[in-house]
Amino acid sequence: MFLYVASLLALAAGAALSIPLFSGRWRWLGCALAVVGSGLASLAGLSSLVGGAGWDLVLPWSVPMGSLHLGMDGLTALFVVPIGFIRALAAVYGGGYFRKEPNFRRASGSWFFYNLLVLSMLLAVGARNGLLFLVSWEMMSLSSFFLVMFHREREDVGRAGLTYMVAMHLGTAFLLVMFLFLSAGGGMEFDSFAPAAGTASVIFALAVLGFGTKAGLIPMHVWLPEAHPAAPSHVSAVMSGVMIKTGIYGILRVLTFLGTPLPWWGWSLLLVGAVSGVLGVLFALAQHDLKRLLAYHSVENIGIIALGMGAGILGVVYGSTPIAVLGFSGALFHVVNHAIFKSLLFMGAGSVGRAAGTHQIDRLGGLLQRMPATGSAFLTGSAAICGLPPLNGFVSEFLIFSAGFLAVVSGGPLLPVGTVIISSLALIGGLAAACFTKAFGIVFLGFPRSGDAAAATESNRAMVWPMVVLAALCVTLGLAAPWVRFLLEPAVSVLLPDPSGAGLLGPVVAALWGISAVGAALIILTLALFWLRDRVLAGRIVRVSETWGCGYLAPTARMQYTASSFAQPTVNMFRMFLRPKQTVKEPDGLLPESASLHTHTDDLFRERLYVPVFTGVKRAASLLRWLHQGQTHFYVLYIALTALVLLTWRLW
Amino acid sequence: MERSWSAVPVLMALVMSPFLFSVINRTKAFFGGRRGQPLLQPYADIAKLLRKGAVYSRTTTRVFRIGPVAGLASVLAALALTPLGPSGALVSFEGDVVLFVYLFAVMRFVTVLAALDTGSAFEGMGASREVQFSALGEVAFFLGITALAALTHRTSLSGILDALGNSPEVHGGRPVHFLVGSSLFVVLLAENARLPVDDPETHLELTMIHEVMVLDHGGVDLGLIQYAGCLKLWVMASLLAGVVLPAGSVHTVASAAILPAGILALAVLIGVVESTMARLRLVMVPQLLVAAGVLALLALIVVPG
């Protein structure tokens, strides 16, 4: 508790001080306090998870219905740890990222909002009062909006910011109604929530809509691919890595208020998860912008998490505790893992962007030779996000897969549940591998495709070290699978109807040991074989030459496969969903001068769902525009008329 | 049988796997009216490659050099998870099938990256096709295993194969064996770069998948890649043989011989397929793999109980 409060104070101080101290010697203070505050929060969460001690803190607050009621339990702690840890590393990275930023005032404003965002996220996951939760939720949306708007002079950033703002507030609208339903029985304290009979399903639907918007579940995901590329990279890293996870936290927390779940809750999460996962990765595959690609991958990973949650809920529904435990623990561990590798990948993308001046994948190439540290870290993150052993992503996906297999073995109504989980995870895994071999292969391998990429140099140490730490963590958590359960069990027990605490993951311990052993063996074997190969080659002739080009000896960078060509067969295979647009200028005549091919994939839901709906709303609203005369006496007249109408209605 | 005996089939896989390619070659020679190469030719090829030096493209990085060894290491790890007979696998746990599939994903990941590392358009082309087809193949494979898990109520590879051979309750599952077996066979052909998906014979880069990805590898690296390919075929073939043949239901000494015989029979079958079929057009390959997935799904539907 002490650590947690100290971290909140440090962050508040960081926010307060970074504005007056925007120039001069102390301008690093905002960044430093963000690091300290976030680090303390992470320790607070960790100590609660390891020590197993929760706490409650009620402070006086003179707001009707509200109270400054903070609490810590397994679920909160599991979200606080990555929030604090990733935030601290991203702040270090941000310090390096802003080092050459000429606009001090803007950078310090950014640190103000950064501190505020961490503060509001910690409050949101710690809140035990509905009003406090909503206030921190709104603070979170607003401060992240200003962080996204850092490069506000760019037109695309403005558009992204607007989309983000509208999406967040639509989501919050659902949450307001949800809290009204929840507090029907009494106050806004979480402990006193007692939803009226029959409203549980409504509350659950509102929670999925409202929190799903924050988390980025399809079809509420449209803000993600806009906002993430627009923001500075350390901001994208924390938004994608940890902020969207507060949506997952919200859904899970609301589940604890609702008692025994109904089957359709689990099914809906399962299906939304499968759709988000598969479409998320497909849209990612079709992107040309590295950060946009990563943003769509967040949709995919939130889908995987939703699959796990769906399995967990259905496990509870059908009375199978092992399935529930595996589903929930897989989802929660994937929350942590995704926070690690996604922020790593966004940092890598930012590092690439700083060095080469672009995020366009087809303008990059050959960066591994020029930026070895960024490249190796990005490679680790790519392998981890594809769920490859021996890294952490595999372990969480394994837990969800196991829930699926257990469901299949249980049979009955659970058989289709397991089949959906296994087949969608399998497809997602294969496509994710396609997507990240493209992202890493085209950006970091081969020849540079532009002069800027050829001139790229490694980023400064403040940017490189956070990536190295995160990459090391990917490996460590993958190999330390058997121990991770001690961190997951307190959180999972919050979600089960009859919490039994420790030993929940006991049945899979043997499997986790197996994974850990095979993973270690894989690493050792690779190193040993590599050493052996080096020894064997040491005494022989090793020459360096050109890449084989069928006898052609002057290959150029333009002859390489590009990201677009690499992804084309797969994108074409799924053109039903992706609807890629192509502009072709074919070579014409006997001596053709030029030819070009341009491909672009818009977001299906943005184009087919939101644009028509919002255009309709705008058209309807414009029908009433003649009422707005802009002259005061007209408005006075409206008020008088309204008052008159109300009066007559009342007197009737 | 005791656990200590598990090492014998592993050794057999390590030694015998290149021999599968001789069998395939001999079968094709028979159909083509030729004599075929000596039976030990694949061993000689690998041995020759391992004695060579190396030529590296100046574009390549360490990724290119790690690719072949990491690929071989992942197949070896997968081998440890494969039940190669009645004694089960070296390492076995509930859900090990997921790790098994993902180890092949690791192999593919490093191979594809090594291909992209050269900056060659040919290798990019092969890599692009490889990731496209394997995504579909993986789904078919997982669905097949799901059907077997539903049939046997086990979730480890050793458990599934053991139950398929021994338990009386699975005998109602003959159609399941057949459907899953055919699905797995298609996946095996696709994953091991055989006809009708890929053509291991041609060196016309535009039509190839796997061979074109390793165009720039030579010497020791190529030797390691070829050996890893042999092991991969052996591992998948032994899994398929375990599904189709009721090895566990007979005496253990006999069953120890049944499985290798089944694997060799499978190699003959591959040779027959390659001699009698043409390679599919690339746009048709996804349909074949989706069909394999549908077969596995059918198997899941007809699982009794």
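Residues numbered from 1 in each chain as written. Chains lettered and ligands numbered in written order. Predicted model: local features only at pLDDT ≥ 70, side-chain atom pairs only at ≥ 80, totals over all residues. Heavy atoms only, no water.

### Let's talk about the overall build of chain A
Threshold: Helix and strand labels come from DSSP, where a helix needs a run of H or I of at least four residues and a strand needs a run of E of at least two; each type is numbered from the N terminus. Exposure categories follow from relative accessible area, calculated using a 1.4 Å probe and restricted to protein chains: below 20% of the type maximum is buried, above 50% is exposed, and the middle band is partly exposed. Contacts are assigned to residue pairs that have any heavy atoms within 4.5 Å of one another. Method for areas: the Shrake-Rupley scheme with a 1.4 Å probe, in which residue coverage is limited to the protein chains shown. Charged-residue counts in this description rest on Lys and Arg as positive and Asp and Glu as negative, His and the chain ends being excluded. Note on charges: their place is set at NZ of Lys, CZ of Arg, CG of Asp or CD of Glu.
Helix and strand counts for chain A stand at 25 helices and five strands. The buried share among the 652 residues of chain A stands at 57%. Nonlocal contacts in chain A, meaning residues at least 24 apart in sequence, comprise 79% of its contacts between residues at least 6 apart. In the structure as shown, chain A presents an accessible area of about 25,600 Å², 69% of it carried by carbon and sulfur atoms. In chain A, 39 positive and 26 negative side-chain charges are present, and the distance between their average locations comes to 4 Å.

### Digging into a positive patch on the surface
Residue and element names in this part refer to chain A. Selection rule: Residues form patches when they are more than 30% accessible in relative terms and have no salt bridge. Like charges link within 9 Å. Nonpolar side chains (Val, Leu, Ile, Met, Phe, Trp, Tyr) link within 5 Å. The salt bridge criterion pairs a side-chain nitrogen of Lys or Arg with a carboxyl oxygen of Asp or Glu, the two atoms within 4 Å.
The grouping of R99, K100, R354 and R461 at the surface amounts to a positive patch. Secondary-structure assignment places K100 in the loop between α3 (74-97) and α4 (104-126). Residue classification places K100 among the exposed residues on the basis of a relative accessible area of 74%.

### Some words on the interface of chain B and chain A
Applicable threshold: Two parts placed together each lose some accessible area under a 1.4 Å probe, and adding up what both lose gives the buried area. Two N or O atoms form a polar contact when they lie within 3.5 Å of each other; inside protein one atom must be a possible hydrogen donor and the other a possible acceptor, and for residues adjacent in sequence the pair counts only when both atoms belong to side chains.
Across the contact, 71 residues belong to chain B and 66 residues belong to chain A. A buried area of about 5,900 Å², summed over both sides, lies between chain B and chain A, and 75% of it is on carbon and sulfur atoms. Together, R58(B), Y102(B) and F109(B) form the three largest contributors to the area buried by chain B at its contact with chain A, with a combined 12%. Linking E546(A) and R58(B) is a salt bridge whose minimum nitrogen-to-oxygen distance equals 2.9 Å. Run the count over chain B and chain A and you get 19 residue pairs in polar contact (both at pLDDT 80 or more).

### As for helix α7 (residues 174-191) of chain B
All names here are of chain B. Under the convention used in this document: The length a helix should cover is 1.5 Å for every residue beyond the first.
The end-to-end C-alpha distance of α7, which contains 18 residues, comes to 25 Å, matching closely the 26 Å that a straight helix rising 1.5 Å per residue would cover. Burial of α7 is extensive: 14 of the 18 residues sit out of reach of the surface. In the segment just after α7, A193 is the residue with positive phi, at about 60°.

### Notes on the packing of helix α13 (residues 321-356) of chain A against helix α19 (residues 461-479) of chain A
Residues and elements named next belong to chain A. We apply this condition: Axes, fitted as lines to C-alpha atoms, cover a helix only where it is in contact. Angles between the N-to-C directions of the axes lie from 0 to 180 degrees. What sets the label is the angle itself: under 35 degrees gives roughly parallel, over 145 gives roughly antiparallel, 65 to 115 gives roughly perpendicular, and the rest give oblique. Working rule for handedness: look at the near helix, and if it is turned counterclockwise from the far one by less than a right angle, call the crossing left-handed; if clockwise, right-handed. Throughout, the ten residues Ala, Val, Leu, Ile, Met, Phe, Trp, Tyr, Cys and Pro are labelled nonpolar, Asp, Glu, Lys and Arg are labelled charged, and all others, Gly among them, are labelled polar.
Packing of α13 against α19 leaves a shortest axis separation of 10 Å and a crossing angle of 150°. For the element pair α13 / α19, the angle class is roughly antiparallel. As α13 runs across α19, the sense of the crossing is left-handed. Contacts between α13 and α19 involve F333, N337, I340, F341, S343, L344, M347, G348, G350, S351 and R354 from the first element and M463, P466, M467, L470, A471, L473, C474 and L477 from the second. Partitioned by chemical class, the residues of the contact of α13 with α19 number 13 nonpolar, five polar and one charged.

### Describing the packing of α3(A) against α13(A)
Residue and element names in this part refer to chain A. Running from amino to carboxyl end, α3 crosses α13 at an angle of 10°, the nearest separation of the two axes being 10 Å. Here α3 is positioned roughly parallel relative to α13, judged by the angle of their axes. Along the contact surface, α3 presents L75, L78, F79, P82, I86, L89, A90, Y93 and Y97, while α13 presents L332, V335, V336, A339, I340, S343, F346, M347, G350, S351 and R354. Partitioning the contact of α3 with α13 into residue classes produces 16 nonpolar, three polar and one charged.

### A word on helix α24 (residues 604-622) of chain A
Helical geometry note: an α-helix holds 3.6 residues per turn, so side chains three or four residues apart project in the same direction. All names here are of chain A. Just so we agree on the cut-off: Think of it this way: the bend at a residue is just the angle between two axes, each fitted to seven residues, one set ending at that residue and the other starting at it.
Taking 1.5 Å of rise per residue, the 19 residues of α24 would be expected to cover 27 Å, and the 26 Å separating its terminal C-alpha atoms lies within 8% of that figure. A maximum bend of about 35° is found in α24 at Y610, where proline P612 lies one to four positions downstream. Taken together, the buried positions of α24 are occupied by L604, F605 and R606. Of the surrounding elements, those touching the buried residues of α24 are α6 (155-182), α8 (224-230), α11 (263-285) and α23 (575-578). For α24, the N-terminal capping position is held by D603, with its side-chain oxygen 2.9 Å away from the main-chain nitrogen of F605.

### Brief notes about the pattern of salt bridges
Applying the stated criterion across every chain, the model contains 16 salt bridges over all chains. Between R253(A) and D73(A) there is a salt bridge, with its nearest N and O atoms 3.0 Å apart. Of this pair, R253(A) sits in helix α10 (residues 245-257) while D73(A) is found in the loop between β2 (68-72) and α3, placing the two residues 180 residues apart along the sequence. In this structure D73(A) comes out as partly exposed when scored by relative accessible area, which is 21%. Residues K28(B) and E274(B) are paired through a salt bridge, measuring 2.6 Å at the closest nitrogen-oxygen approach. Taken together, the positions of K28(B) in helix α1 (residues 7-32) and E274(B) in helix α10 (residues 252-276) put the pair 246 residues apart, joining distant regions of the chain.

### Some thoughts on the packing of aromatic side chains
Rule in force here: Between rings of Phe, Tyr and Trp, where Trp is taken as its six-membered ring, a pair exists when centres lie within 6.5 Å; planes separated by under 30 degrees are stacked, by over 60 edge-to-face, and by other angles tilted.
One pass over the full model with this rule turns up 36 aromatic pairs over all chains. Here the aromatic rings of W111(A) and Y114(A) are separated by 5.2 Å at their centres, their planes lie at 75°, and the arrangement is edge-to-face. One end of the pair, W111(A), and the other, Y114(A), are both in helix α4, three residues apart, so they sit about a helical turn from each other. The class of W111(A) is buried, set by a relative accessible area of 5%. Between F100(B) and F104(B), the aromatic rings sit 5.2 Å apart at their centres with planes inclined by 85°, giving edge-to-face as the arrangement. Of this pair, F100(B) and F104(B) both sit in helix α4 (residues 96-117), four residues apart, which is roughly one turn of that helix.

### Let's talk about the domain arrangement of chain A
Residue and element names in this part refer to chain A. Heads up, the rule is: Residue ranges assigned to each domain were obtained from an automatic or database domain assignment.
Domain annotation for chain A reports domain 1 (130-522) and domain 2 (604-651). In this structure, domain 1 and domain 2 have C-alpha centres spaced 40 Å apart. In this assembly, 12 residues from domain 1 lie in contact with six residues from domain 2. With both chains or domains summed, domain 1 and domain 2 bury close to 680 Å², and 70% of this area falls on carbon and sulfur atoms. Interface area lost by domain 1 to domain 2 is led by P219, V222 and F283, which between them contribute 51%. For the pair domain 1 and domain 2, the interface holds one salt bridge. Across the pair E226 and R606 runs a salt bridge, and its minimum N-O distance is 3.8 Å.

### Topic: the environment of I304(A)
All names here are of chain A. Tracing the backbone through its elements, the reader meets I304 in helix α12 (residues 290-317). What makes I304 buried here is its relative accessible area of 0%. For the pair I304 and V317, spaced 13 residues apart in sequence, the C-alpha to C-alpha distance is 20 Å. Leaving out residues up to four positions away in the same chain, I304 has contacts with H334, E397, I400, L425 and I428.

### Thoughts on unusual backbone geometry
At the junction of P389(A) and P390(A), the peptide bond is cis and its omega measures out at 5° in the coordinates. Along the polypeptide, P390(A) turns up in the loop between α15 (372-385) and α16 (392-410). Here the amide bond leading from L195(B) into P196(B) is cis, since omega sits at 5°, within 30 degrees of zero. Its location among the elements puts P196(B) in the loop between α7 and α8 (210-213). Even without a glycine there, the phi angle at R579(A) is positive, about 45°. Tracing the backbone shows R579(A) in the loop between α23 and β4 (581-585). Phi at H153(B) is positive, roughly 60°, even though this residue is not glycine. A relative accessible area of 45% means that H153(B) is categorised as partly exposed.

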